[in-house]
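Topology and contacts: notes
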Amino acid sequence: MSMSDVVVVILLVLLGVVAGALIPAILQARRTFRVAEVWFEGTGRKVDRLVEDVSAVAARLNRAGVDLEGSVKDAKELLANLRELADSASRLRGAVQTVTTVGSVLGPAITEGLRAAFAPEREEVRDVEGRPDSRQRVDSPQGGPP
């Protein structure tokens, strides 16, 4: 074997190790994104309903305020407070989405990466001719045969 052949073999082995470490992290990130999407859809609908309800209440109070001649000033202050509440609920929704996105994406991905890095040794799967099959790896329970 020449020196270039040795370098190629070393590079291929390193590439296999890197791919083996990245695949679990990528799969966990994919699962995390699915869970986050489901959670955001449910939470988003609830927050949307809350904002719609607050807006409907504000609209009803606005109409009632027009009818009340003596307390127009008080009604305006109340409506302004309700508008601020609706704006706060909208801002809260964005903040919750940002925080949960970062937490739900980074936390499991880091955990899975550490788990993959410190996982017990894995036994190679061999093909029909007895050569290592680099496409698959099987966990061996307690270091024994699979």
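This text follows the structure it describes.
Each chain has its residues counted from 1, running along the sequence as written. Totals for whole chains, interfaces and linings use every residue, but because this is a predicted model, local features are given only for residues with pLDDT of at least 70 and side-chain atom pairs only at 80 or more, for both listing and counting. Side-chain figures throughout are based on the complete set of non-hydrogen atoms in the structure, without hydrogens or water.

**Side note on the overall build of the chain**
Elements are defined by DSSP. Helices are runs of H or I of four residues or more, strands are runs of E of two residues or more, and each kind is numbered from the N terminus. Assigned secondary structure in the chain consists of two helices and two strands. Across the chain, helices and strands are ordered from the amino to the carboxyl terminus as α-α-β-β. The buried share of the chain, taken over its 146 residues, is 15%. Long-range contacts, defined as pairs at least 24 residues apart, comprise 48% of the intrachain contacts of the chain with a sequence gap of at least 6. Here the Shrake-Rupley method, with its probe set to 1.4 Å, supplies the accessible areas, and only the displayed protein chains count as covering residues. In the structure as shown, the chain presents an accessible area of about 11400 Å², 63% of it carried by carbon and sulfur atoms. Burial classes: relative accessible area under 20% of the type maximum marks a residue as buried, over 50% as exposed, and values in between as partly exposed (1.4 Å probe, protein chains only). For this analysis, residues touch if any pair of their heavy atoms sits within 4.5 Å.

**Topic: the environment of Arg 31**
Relative to the helices and strands, Arg 31 is located in helix 1 (residues 3–67). Along the backbone, Arg 31 and Ala 109 are 78 residues apart, and their C-alpha atoms lie at a distance of 9.7 Å.

**Overview of the packing of aromatic side chains**
Working definition: an aromatic ring pair is given by the centre-to-centre distance plus the angle between the planes. Put simply, two rings from Phe, Tyr or Trp (the six-membered ring, in Trp's case) pair if the centres are within 6.5 Å, and we call them stacked under 30 degrees between planes, edge-to-face over 60, tilted for the rest. Across all of its chains, the model carries one aromatic pair by this definition. Ring centres 5.3 Å apart and planes at 70 degrees place the aromatic pair Trp 39 and Phe 40 in the edge-to-face group.

**What to know about the pattern of salt bridges**
Take a side-chain nitrogen of Lys or Arg and a carboxyl oxygen of Asp or Glu: if they are within 4 Å of each other, that pair is a salt bridge. Evaluation of the coordinates by the stated rule reveals one salt bridge. Arg 93 serves as the salt-bridge partner of Asp 48, at 2.7 Å between the closest nitrogen and oxygen. Here the residue Asp 48 occupies a position in helix 1, and Arg 93 occupies one in helix 2 (residues 72–117), the gap between them amounting to 45 residues. Look at Asp 48 and you get partly exposed, because its relative accessible area is 31%.

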